[in-house]
Structures are given as C-alpha cells and as structure tokens.
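Observations on the three-dimensional arrangement
Residues per chain, in single letters:
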Amino acid sequence: METTAIFLKQLQNALSGSIDPRTMIHLTRELIPDYEISTPDGLPESFTPSRVDIAAQIVKDIQSHNLIIPFINIMLRIQFIGYMGRKYKISGFTDLLKSLYEMGFSLDSKSGVIYENPAYRVSRNWGILQEGNDYSFCFMWTDLVNYSSIVRNYSKSEVQKFYSDYMHIIRTNVEKRNGRIWFVDGDGILSAFHFSDSNQSGVLSAIEILHTVHDYNLFSKTINNEMQIRISIEAGSCEYSDNHEDTKKCEIIQKTISNEKKAKPNTAMISRNVAMSVDEMITSCFYTESKSTSADYYFYKLEWEK
Amino acid sequence: MDIYIFTDDKKTMSLFSSLEKSRDFNVIIKPVNEYKNIIKNLEQCELVYLDILNFKDDAEIRRNLNYIQKYKKIRCGIIDTKNRLTGIAHYFHQGFCDYINSTEIHKPVTVQRINEVYDFKTCDFNIKNDSRTEHLVHEKTQGKELSWNEISEGNEYSFLLMYIRLDRQKKLKSEFGYDFIEKMTEKFEKYIEHLSGMNNGKLWNWDVNNGIILYPYSDSSCSNVITASYRFMRDTILLSNEILNSPVKLDFTIILEKGEMEYHARGMTGTTISEALNRIFHAADLMAEPGNLYIFDSLFKNIPHQINHLYVETDDFEGHGLKRLKKYNI
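Summarised in this report is the structure supplied together with it. (Residues numbered from 1 in each chain as written. Chains lettered and ligands numbered in written order. Predicted model: local features only at pLDDT ≥ 70, side-chain atom pairs only at ≥ 80, totals over all residues. Heavy atoms only, no water.)

Before going further, it helps to spend a moment on the overall build of chain B. Looking only at helices and strands, one finds 13 helices and 12 strands in chain B. Counting over 330 residues, chain B shows a buried share of 55%. Counted over contacts in chain B with a minimum sequence separation of 6, partners at least 24 positions apart contribute 70%. Carbon and sulfur atoms make up 48% of the accessible area of chain B, which amounts to about 15,000 Å² in all. (Helix = DSSP H or I, 4+ residues; strand = E, 2+ residues; numbered from the N terminus. Buried < 20%, exposed > 50% of the residue type's maximum accessible area, 1.4 Å probe, protein only. Contact = heavy atoms within 4.5 Å. Areas by Shrake-Rupley, 256 points an atom, 1.4 Å probe, with all protein chains shown as cover.)

Structure (structure tokens):
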C-alpha cells in the first residue's frame, strides 16, 4: 500500500494522542505476535522511549509488514466497540479518514471496517484480508451450460468472443456490488462477497446476471447458441488465502461448486441459510422444489407470462 | 473489446496502462490527428476517447466533438486534462459516455470504470441498425433526433411521451407511513430525472408520484426508450432494493405514446394542447393496472423485434390499440 509521509504522521499522532504505550503494543501484537519495541542502538536496555517514539516505531513496523489498513481497523474497533471494556476516542480520526478516502479506501458502514474503494482498485483481498485468517463470505459459482459443445462447434474467435462476453457479464455484476472474482476454472467462475450485506450482494448479483444473460441472448449474441448459465450461492466461513489452489480446498467453496449441478439452466440456486439472511422481498421472487416450508434450496429464474 | 485512445500526451497515455493487463480490453493509442480516419472504420459499440488538450480554441474543440458525436454507433469519452469544457451535462446529453478531467489525471482508468461506461451506453446501438427497423415510416423528424438545443418554446415537435408512476401509494402509506412515501417519491423522481437524461429525455412534469418525460421523436430513440422501459420493468426488484432502498418490492406503471405537441419549458399540462398527452393521462387514470408497461399503437412499429414477443395486445383505449409487457415470475 502506498502511503504519504503526511498520512503516516497523522496516524502516528492519532496513536500517540489517544492510546497509552502498553495498549499500543498489545494492539500491535494482534497483527504481529510477540511484537516488541526495539531499543535504539547505543542506548541501555533500561531506556524507556517516549509515547511519541513508540507510536512512530509501531507505525514504521506495521507499514513494513503492509498492515496499515488492518491496524486502522483495530483503531476503529477500539473507538466504536472498545478494548478491555474501555472505548478510546482517537484524536484526529476525521482527518485520518479523509486521507484514507483520498488514497482510495472507504469505510463500510455496516461492518465498520476500512476496505479498498473499488473505484480506485480491485484486489482479491479488498486490500485488507490477511492470509491464514478466517472470514465469513458469500460465494457464488457460475458455470456455462454446454460450453464444451460450443467449443466443438464454433471457430476459435467465435468461442473467444462468447467467453469474453460471459466473463464481462459476470465481472460487471459482481464488482459493481464490491464482490471479487477469486478464480476461474474452465468456464466456472468463483466470486466472493465479504462486505456489507454480502449474502444480499451475492443474490442480487445472481439475479442481475440472469437478467443480463437474457438481454444478451435477445440483443447481442454472436453465435446461434444461446448463453445459458447455472448459478449456485452458499455462505460460510473460509480461511483466506492468496493462492487459489488453497482456496479451492475450503469446504464451503467445494459445496458451492458441487451444488451448481442441482440448478437448471439459467437458474440461480441459493442455500436456505442464504435465503433466510436476505430481504424477504428478494426471497419472495424465489421458488422451492419441495412443498415443505423449510426447503434446503431456493431457485430464481426469469420466466415470462405465457 | 477495443478501446481507442486518441491523444498526444504521454501522461494521458499512462492513464490507461492498467487496462492493458485486462483480458477483456485491447487498448490502442493513436495520435489525435488520426481519429477521423480511424473512427470511420470502427465497428459498432467500440469505445473511443478523444483528448482535447491540443485543440487550439473552444471553436476547434466544439467542431471536433460535434464531428465525433455524429458517429452514433460508437461510444465516445472526452479527455479534458485542463478542464477546458464547462457544462459537462450537455455533452452527456449529446451522447458522450465518459469525461476525464484534471482531477482524474492522477488515477489510472480502471476496468470497473470502463465497465460502467459500457453499462451507461449499452449496445442499444444494435437496435438502431437492425434491418427489421430500418424501413420504418418517415416522420417529421425521422432520421434526425433533435437535440434539446434545437427545440424552442412555442414551436410544435414530435415527441415520444412517457408517463411513469410509482404505484400503490395508499397501501404503502398505510403500511409504512407518510414519511416513507415522501422519501420514496423524492428518490424516485431524482432517479427518473437521471434515467431520462440517458436517452436524451427530459423530465417535463412531475406530480406527487408520477411524471411525464419527453423524448424528441426519432425511430431509433423510440426503440431505445422502449427497450429501456422493458428493462426498467424487468429489474423492479433490483431497483426497489438497491436504488430506492425500499423494504418491499415497488410497482411502477409506464405508458408510452407518440404525439405532436407545442413545446413549453416545463410541465404546463393544464394548458398544453396535445391529444397524446390527454390520452396518456386518461389511460393512466382509467385503464392502467399497477405494475404494467403499456405501449400505444403509434409506437408498435418501434418495438424492437427481439422483445416483441414479450408484449401482448390488450383492449383498445379511446379507439387506439394497446400492447402490454407480459408479467414475469408469476
């Protein structure tokens, strides 16, 4: 993450002006276990650095570990939720937030954490998720129906155009809701949603993807075959990894991918726990295949009056 | 997809470097003096950015923007790193789909931005050149869509009129209260104003929960507005939830009609003499069922063939045929 000297100074001042040295070090240890303030060369070990020096050292160290945003999220937490039963008022916090906005970060009003503003950059971890930590996500798996037959029956350039249109539809609808495409496996695409109402964002993306595909088939298709897709959505906890091979091993992702087969073409299928967590006005557009009131899966398909 | 950048400025060229990594886009940078030759041969829907930095004065800028804007089949954005243009909304009305000014020169153009530009001007262009709509009947303004600058008060023009209404006011009021309705209609009006501008329309009149949008008539603009209306009705769930932040799915009524009308600046519906305007209000009051899109027979020929099967004929109204967009997910 690129930072300016002014921003680092603001952060240092916010830290030294609001939190005692002992707490500063404890908070830093949440990100860097066993963290200690080093004694400057040539000074005895009994030397006690000032509060300002400690803040400066911490800011320098978290920057070198690329942990600035996670650290600011901890500061947000102790301001709004508290730490060891006490809430800390962070001085100069508004200025710090302004600088973050200018650097391309936003505050998620629901979760109260800072994440990268997708208008500036789109990275796999939203600029803040840490390798090896567990987070909750909504996952969406999209897959083309009969893609292998399209590959067999059309020229390379026609297939490339078809595939690129498909990618464009998914990417546009996922990223506009702050989702991320995590990996592409053949014609299957895994997207992840983490912020705000992540389940709702996933479900609305699925609905809009199906509507866009419907439009594509009416107005823009370049081969005789219609584009048909299946979508499955699941939510759950998963360990974050930058490596997509590791990501694939996550149980909830495996379940999302295997569920896709249960959906019919041009249908989105969501699990019960996802359906229960989104607004009723959205689930009311879904149908179930069983008559039971507690169906395991809910389906959405764009169907017009006969 | 190809994106052509016509610029002679190195800093501007670097703005688009992040797109070069994208599999979806192919960035082609060319000198400004080549743009006229190149855009003649571009295919539909391609995106072009024109840098106005080195045009010597306002007249030259205007001449060049007018020139490029005539190529309706392509999407065009303006690069104005010295903020030489004013009244940017006018250029969006003219059909430009992006504007990069001095405050944005330090931020690389992202894939998301380009996707949004593509979303802003979608491939409705396909409809304009569709063989099934090319033979349409000649009208007063056919072949040339008037810009609002060419329309003056007191003169008569052909317009496409859209009546749009947020339905079930009483029910919403009883369930959620007066404040909710007030907030919702305010948001709705703003959204409609924004939306109408995207197809060269103007929100001409607004009354509590309904409004009239005027679109200068041309065959291609009609097809675009009909397509946009169909999308609006189809996406009501997304609109209710994400744009209007409503806790319930909202219903909307749209009625489209074509008519001659003496133009007055804003919404004097009581004194404006127009059969089409009267008919559309009568239809809204007496016939239209909440949550439906209706099209009068004067516009049947403009329904793009791709979505014609989604309409059903309904009973005539005041001697005029009507079609209704089918309902979905019922």
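Here the narrative resumes, following the displayed structure.
Residue and element names in this part refer to chain A. A contiguous patch of negative charge on the surface is contributed by Glu-131, Asp-134, Glu-239 and Asp-242. Along the chain, Glu-131 turns up in the loop between strand 2 (113–116) and strand 3 (134–144). The exposure class assigned to Glu-131 is partly exposed, which follows from its relative accessible area of 45%. (Patch = residues over 30% accessible without salt bridge, like charges linked within 9 Å, V, L, I, M, F, W, Y side chains within 5 Å. Salt bridge = Lys/Arg side-chain N within 4 Å of Asp/Glu carboxyl O. Lys, Arg positive; Asp, Glu negative; His and termini not counted. Charge placed at Lys NZ, Arg CZ, Asp CG, Glu CD.)

On to the interface of chain A and chain B, then. In this assembly, 31 residues from chain A lie in contact with 39 residues from chain B. Together chain A and chain B conceal approximately 3,100 Å² of surface at their shared face, both sides included; 56% is due to carbon and sulfur atoms. For the pair chain A and chain B, the interface holds 4 salt bridges. Residues Asp-215 of chain A and Arg-234 of chain B are paired through a salt bridge, measuring 2.8 Å at the closest nitrogen-oxygen approach. Run the count over chain A and chain B and you get 11 residue pairs in polar contact (both at pLDDT 80 or more). It is helix 8 (residues 198–220) of chain A that contributes the most residues to the side of chain A that touches chain B, 10 residues altogether. For the side of chain A that touches chain B, the class distribution of residues is 16 nonpolar, 6 polar and 9 charged. (Buried area = accessible area lost by both parts, 1.4 Å probe. Polar contact = N/O pair within 3.5 Å; in protein donor to acceptor, adjacent residues only side chain to side chain. Nonpolar A, V, L, I, M, F, W, Y, C, P; charged D, E, K, R; others polar.)

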